[in-house]
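Here is what each chain is made of, one letter per residue.
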Amino acid sequence: MASEYGRYGYRRIWALLAMQGWQIGVGRVERIWRREGLKVPQKQPKRGRLWLNDGSCIRLRPCWPNHVWSYDFVQDRTHDGKKFRMLTVIDEFTRRCLAIPVARSLKSDDVLACLTELFTIHGPPDHIRSDNGSEFTANAVRDWLARVDVKTLFITPGSPWENGYNESFNGKLRDELLNMEIFYTLEEAKVLVEQWRHHYNGSAPTVRSTTGRQHQKLSCLDLSRRSTLRSDHRNRAIKPAKLSHNGWTT
C-alpha cells in the first residue's frame, strides 16, 4: 500500500486500512512505518490569510455545497514532448473534484462546455473562483455566468494563494499522478487522470473541517468510526439464525 500511494504519510495509510476494515491503531501503523524506513512527507509550512482592517477575510469562505466552486488550468506533457492542458473544477466546501477535462488546447469555449455539463448535473453554484486568465475573463464566459446568476470571484493578479483550495488540489494532482506517470498518448492521459479523480473523490482519505483548517487525526478517526459502524451494521444484518427450544430465532 505504501508503494501504491507513495506520497501518503502513515496517517493517510492508516485511514485507508480503516476504510478496508482493518482493526489497527494509528500508533502501530506509525511504528511499522518508521521501522520499515518509509519516508514520511514533510509538513508544508503554514500560510497566513489575508485579513482586512475590519477583521473580514478577503477570500470568500465556502459554507455549503455549491456555494463556491473554483477552477484552474494545469499543464503537462506526453512522452513525445507535446503539451496538454487540464481544467480542474472543484467544489470548495465538499472538496470534491467535479471534472478534469484533458486536451491539447483548452479555450473559453471548452470552459463553457465543461461548465454547461456540470451545471446540468449538479446545478449552478452561487460563486465561481478563478484567476484572471483569458479563458476565464472572456466576455462570453462572464456574460453566460451572469445569465445563470453565478457570481465570479477573480483573485488578485499574482496572488495564487487566494485560490488556495484549487491550488492545493492541483498540487496533489501533480504530486500523486503527473510526477509519477509517463503519458505516451493523450488518450492514456485522459484515462489515468479520470481514474485518479475517481480515486480522489471516492477512496482517498481527505483532511478537512468546517473551519477550513486541516486536522488529519480527527478526520482519520472519523473515517475509522464510519468503517467500524458499517462493519457492525453488516454483521448484524447477516447474523445467522439459531435454533432454540421454541423454534428458529435470529
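Residues numbered from 1 in each chain as written. Predicted model: local features only at pLDDT ≥ 70, side-chain atom pairs only at ≥ 80, totals over all residues. Heavy atoms only, no water.

Enquirer: When you look at the pairing of strand β2 (residues 83–91) in this model, what are you seeing that I'm missing?
Expert: Two faces make up the sheet, and in a regular strand the side chains alternate between them. Burial analysis of β2 places 7 of its 9 residues in the buried class, the great majority of the element. Bridge analysis of strand β1 (residues 68–77) against β2 gives 9 bridges, and the strand direction is antiparallel. Within β2, the residue paired with S70 across the bridge is I90. The turn joining β1 and β2, which pair antiparallel and follow one another in sequence, is formed by 5 residues; a positive phi near 90° is taken by G81. In this sheet, strand β4 (residues 102–103) lies alongside β2 in antiparallel orientation, the contact comprising 2 bridges. Bridge assignment links R85 to a residue of β4, and that residue is A103. Here β2 runs beside strand β3 (residues 97–99); their pairing, made up of 2 bridges, is antiparallel. Bridge pairing in β3 links I90 to C97. The loop that links β2 with its antiparallel partner β3 comprises 5 residues; one of these, R95, has a positive phi angle of about 65°. (Buried < 20%, exposed > 50% of the residue type's maximum accessible area, 1.4 Å probe, protein only. Helix = DSSP H or I, 4+ residues; strand = E, 2+ residues; numbered from the N terminus. Pairing = 2+ DSSP bridges.)

Enquirer: Before we go on, may I ask you to explain the pattern of salt bridges in this structure?
Expert: Within this structure, the stated rule accounts for 5 salt bridges. R129 is paired through a salt bridge with E92; the nearest N and O atoms lie 2.9 Å apart. With a gap of 37 residues between them, R129 in strand β5 (residues 127–130) and E92 in the loop between β2 and β3 connect regions that are remote in the sequence. With a shortest N-O distance of 2.7 Å, R197 and E194 are connected by a salt bridge. (Salt bridge = Lys/Arg side-chain N within 4 Å of Asp/Glu carboxyl O.)

Enquirer: What am I meant to see in the environment of I128 here?
Expert: One can find I128 in strand β5. By relative accessible area, I128 is classed as buried at 1%. Along the sequence, I128 and K151 sit 23 residues apart, while their C-alpha atoms lie 6.4 Å from each other. Beyond its immediate chain neighbours, meaning those up to four positions away, I128 contacts W69, Y71, L115, L145, V150, K151, T152 and L153. (Contact = heavy atoms within 4.5 Å.)

Enquirer: Where do I start with the side chain of S70 in this structure?
Expert: Within the secondary structure, S70 is located in strand β1. A distance of 3.3 Å separates the side chain of S70 from the side chain of E92, its partner in a polar contact. Those residues in contact with S70, other than ones at most four positions away along the chain, are T88, V89, I90, E92, R129, N163 and N166. (Polar contact = N/O pair within 3.5 Å; in protein donor to acceptor, adjacent residues only side chain to side chain.)

Enquirer: Looking at this structure, how should I read the packing of helix α1 (residues 10–19) against helix α2 (residues 26–35)?
Expert: With their axes 9 Å apart at the nearest point, α1 and α2 run at an angle of 125° to one another. Relative to α2, the element α1 is oriented oblique. For α1 against α2, the interelement crossing comes out right-handed. Only V26, V29, E30, W33 and R34 of α2 make contact with α1, whose side of the interface consists of Y10, R11, I13, W14 and L17. In terms of residue class, the contact of α1 with α2 is built from 7 nonpolar, no polar and 3 charged. (Axes fitted to C-alpha atoms, helices over the stretch in contact; angles between N-to-C directions. Parallel < 35°, antiparallel > 145°, perpendicular 65-115°, else oblique. Left-handed = near helix turned anticlockwise from the far one by under 90°. Nonpolar A, V, L, I, M, F, W, Y, C, P; charged D, E, K, R; others polar.)

Function-wise, these values are silent; they only describe arrangement.
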